[in-house]
Structures are given as C-alpha cells and as structure tokens.
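Take a look at the letters that make up each chain.
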Amino acid sequence: MTYLLKGGRIIDPSQGIDRIADLLIIDELIDSMEPKSIPKDAEIIDVSEKIVIPGLVDMHVHSREPGEEYKETIETASKAAVAGGFTTIVTMANTKPPIDTADRITFIYKLGSEALSNVYPVGAVTKGLAGRELAEFADMVEAGAVAFSDDGRPIENSELMRNALAYSSQLEIPILVHEEDTLLSEQGQIHEGEVSSISGMKGIPTQAETSMIARDLGLLKISGGKLHIQHVSAAESIDLIRDAKTNGLPVTCEVTPHHLLLNEMIILKSNFHSKYKMLPPLRGEEDREALVEGLIDGAVDAIATDHAPHAVFEKDNPFDISLPGVIGLETAFALIWTKFVREEILTPLRAIELMSTAPAKILDLPAGSLGSGSIADVTVIDPNHLWTVDPSKFFSKSRNTPFEGWELNCKVVMTIVKGKIVFNELIS
Ligand code: DOR
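A quick note: this is a predicted structure, and the numbers were derived from the prediction, not measured.

Draft legend 1. Looking closely at the site of the ligand. Around the ligand, the surrounding shell holds 14 residues, and the nearest of these are Arg64, Asn94, His178, Leu279 and Gly325. Histidine 231 places a polar side-chain atom, nitrogen or oxygen, 3.4 Å from an oxygen atom of the ligand. Contacts to the ligand include glycine 325, whose backbone N or O atom sits 3.3 Å from an oxygen atom. Within the complex, 93% of the 290 Å² of free accessible area of the ligand lies under protein. At a threshold of 2 Å from the grid points, most atoms of the ligand map onto the largest pocket.

The following block contains the structure:
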C-alpha cells in the first residue's frame, strides 16, 4: 500500500524535525518527507491538525504469554499497544515458563509474527529466573533476544551479575535490571516513608533500590557491558545514575508513567486501594520530582510502561494480598503529553524521544525514526482530543490501571506498523 499522510505536524527526534510536512509511505518503508512526486495509487490521508511521530517503543511489557494467558497474551498486548500508539513492544522473560532458552525466544517471535505490533523478546539472565545459573546468552542472542532481564526479580548474586555484564560486553546487548535488595524489601508493601509511618504498613526503603544500583554501577566498571536500570523510582537512584553517566559509564535507565505522575500520598488518600500497588512502590513527592527532573536533564533515557496485567481476582484484594503491577500501554503516551508536554515541562521532541527514538537506540531496534528508508512504523496523534480513561474500553485483557477516570487531552488516532494501518480512529 502507498499512503500520503498529508498536512500533519511531523515530529521526529531522530532528525530533530518539528514542522508541517507530508509523509509518503510506500509498502513497508518511509519513502520521504515532502515527496517531489506522489504515486498515482497513493491513498491520501488528511492529517492536518494532527501530529505524526515515529511509532512508540515500549521497552518494558509483561505479555504473560506463555502461561498466564488469562491476564494477557501477545495478541491482546499488541492490540493494547497499537491503540496506545506503540508500534513496538519488548516483552519481559518472567512468563510461566520463563523465556530462558533459544527455543522460547523463537516461540515469542512466532507469536509476535501474528501480532499487530512488532514484538521483541527479552531473555532471562538466569535459568528459570532462579538467580543461580546464567542462561544460555549466546544461543538466545542468535535466536533474536534483544536484551536480558530477570525483571520482577533482582539478580542478587553479585558474581552472576558480574558475569552477566561480561557477556553483555561480548555480545553487545544490554542487561536490564530490576533493582531490589529483597532482604531490605521483604514483606514491604509501600514506600518506607510518610505513609508507612502513619499507617504502620511495612515499607520498602529507597535503599533497597539504591544499594543494588550502586553495586551494579561498581560491577559495570570492572566488567564492561551495557547496563540498563528498569523502573527507577527514587531521587537518590537518579543521582547515582547521573553521576555514573558523568563519569562515562555505559548506563541507561527508564522511568514509568505511574512513578512520574503519582506519589505515596495517593495510597493514603485512596484508603489503600490496591490499584496503587506495584514494584518498586510509589515513593515520596521529592522522588517523583527528581524523576521528572531526570527526564529534562538527561539522567533518564526512556519512559517505559512496565505494563503488568493482572486479573480482577488477583488485583481487587486488600492491599497486602493484591499482586503488584499496573497496566500502561493504552494510557502512557496520552498521560505524558497531557501532563508534561501540555504543561510545558517537556518539549514535544523530548517526550517523543523518551518514548520512541531513545528506547529503540538502547536496544538497537529498527524503530524510532521517520527518516527515508526507515521501516514505516508511524503514529498519528490528535493533540486536542479530550477523553476519560475508562478501563472497560481497554483492548488489554486486564483492567488494573491507577488512572481510571483521568481526563486526558491527546489521543492516538492512527497507528501504522510496517506500512499497514493497524489502528484507526481518525475522523477526517
Ligand atoms: O509491579 C511489578 N509487576 N513490578 C515488576 O517488576 C514486575 C511486575 C509483574 O510482572 O507483575
């Protein structure tokens, strides 16, 4: 198919572009911006008043397949993804069984080949996510693993972590880490701070995260490799990462929309509603502000959802027995645009870089650009579309969002993956 997206505001951080232009897509590829001639068979799509951006990349998605298909599948996660403007999702290895062999990486690609979005699997760092023995990295890379992670769990054994980083250096792919000292966080439900003191609920201290980050930055110095820190939640963590970057260490990190927009007080105000339970926990306001500061000054590289679907029977429980995790694919971009771009905290270019160009670069994925010859993964946004988050309308199988009822002013209206329109709510 040939499409001409006509008259839109094109924002492409990979080329530093933010201007009105036409975009020609021929088959799977971006042909050009402002083409000299338009093929006769081109379908012209009027995107005036809309914004055209490189398809979003979510580098942190729990698809739950195989093993927990009642929560989500690759198919439903990809439907949720494209509805939220994500053309690429990167799936975590903590499925049942975990993705810890080349065959299982191949299995995810097979499922992904039928999905609406691009799907790239992450392989487990340790066999069975058990933290005892490294998985077969080289085989999994050969099968297409784009990174390694035991996400959901930390890598507690420092020797294993050191070796994982050494392999990462040889294979040139990153280790994505969930930083949590489980001896410090044991039984913890919420941030150890104001709300834990008032309520007596057991807290998870910031140091459960920072001590592991400090360890891994130290190991990175001696092992080399690429280290990416997932769902960073605390101000002190941002300081550590910022300093490491200043010292030239190859570390990157991501933050989630929920840690950027909520703090521990919402848990108190909601009378301990389990929709605010996740790992790491929502922290104090000064932590939230530091994460936002990190987006602006570059200490933070990417925004990722940590889309963690759970069924109603697992989530709608008293706080202490509810499962941790929230979904985010269908709300992330609209939240970031409404709360940070509209409020002029982030420029449009920076917001899109954080959610597309930068995660693609961290994982070396063919995504994040509208340059000529790039794969035609494109998202069209209506920046003046008011809507209210209503989980009953989600494409995801799960409903566990902390943003139900939020009024957002920006909506994904069209998503194109490899030149094919896979989501279309454009009324022209
Ligand atoms: O809240 C979370 N849920 N944090 C994680 O790190 C894992 C995730 C899950 O898999 O449910």
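Resuming the write-up.
Draft legend 2. Region of the structure containing helix 14 (residues 348–362). Across its 15 residues, helix 14 extends 20 Å between first and last C-alpha, which sits within 8% of the 21 Å expected from 1.5 Å per residue. The principal kink in helix 14, of about 50°, is found at leucine 354. For helix 14, the tally of buried residues reaches 12 of 15 residues, placing the bulk of the element in the interior. Within the sequence span of helix 14, burial applies to Pro348, Arg350, Ala351, Ile352, Leu354, Met355, Ser356, Thr357, Ala358, Pro359, Ala360 and Ile362.

Draft legend 3. Spotlight on helix 4 (residues 158–171). Its 14 residues place the ends of helix 4 20 Å apart at the C-alpha level, agreeing with the 20 Å of an ideal helix rising 1.5 Å per residue. Of all the positions in helix 4, only Leu160, Met161, Ala164, Leu165 and Ser168 are classed as buried. The buried residues of helix 4 all sit within an arc of 140° when viewed along its axis, so they share a single face. At its buried positions, helix 4 is contacted by helix 3 (137–143), strand 10 (175–177), helix 7 (207–223) and strand 13 (227–229). Its side-chain oxygen 2.9 Å from the backbone nitrogen of glutamate 159, asparagine 157 forms the N-cap of helix 4. Glutamate 172 sits one or two residues past helix 4 and shows a positive phi near 55°.

Draft legend 4. Just the sheet that holds strand 8 (residues 118–121), in detail. Reading across from one edge, 6-7-8 is the order of the three strands in this open sheet, with parallel pairing throughout. Both outer strands of the open sheet, strand 6 (56–61) and strand 8, are each paired with one neighbouring strand and no more. Neighbour-to-neighbour, the strand axes of this sheet turn through a mean angle of 20°, independent of strand direction. Across four bridges, strand 6 lies against strand 7 (residues 86–91) in parallel orientation. Bridge assignment links valine 57 to a residue of strand 7, and that residue is threonine 88. Running over the sheet, helix 1 (residues 74–83) touches strand 7 and strand 8 and is turned about 140° from strand 7. Taken strand by strand, helix 2 (residues 102–112) contacts strand 7 and strand 8, and its axis lies near 170° from that of strand 8.

The rules behind these values
- Residues numbered from 1 in each chain as written.
- Predicted model: local features only at pLDDT ≥ 70, side-chain atom pairs only at ≥ 80, totals over all residues.
- Heavy atoms only, no water.
- Near = heavy atom within 4 Å.
- Polar contact = N/O pair within 3.5 Å; in protein donor to acceptor, adjacent residues only side chain to side chain.
- Areas by Shrake-Rupley, 256 points an atom, 1.4 Å probe, with all protein chains shown as cover.
- 1 Å grid on protein atoms, 1.4 Å probe; cavity = no way out; pocket = protein on both sides within 12 Å on 5 of 7 lines; lining within 4 Å.
- Sits in = over half its atoms within 2 Å of the grid points.
- Helix = DSSP H or I, 4+ residues; strand = E, 2+ residues; numbered from the N terminus.
- Expected span 1.5 Å × (residues − 1).
- Bend = angle between axes of the 7 residues up to and from the residue.
- Buried < 20%, exposed > 50% of the residue type's maximum accessible area, 1.4 Å probe, protein only.
- Arc of directions from axis to C-beta.
- Contact = heavy atoms within 4.5 Å.
- Pairing = 2+ DSSP bridges.
- Axes fitted to C-alpha atoms, helices over the stretch in contact; angles between N-to-C directions.

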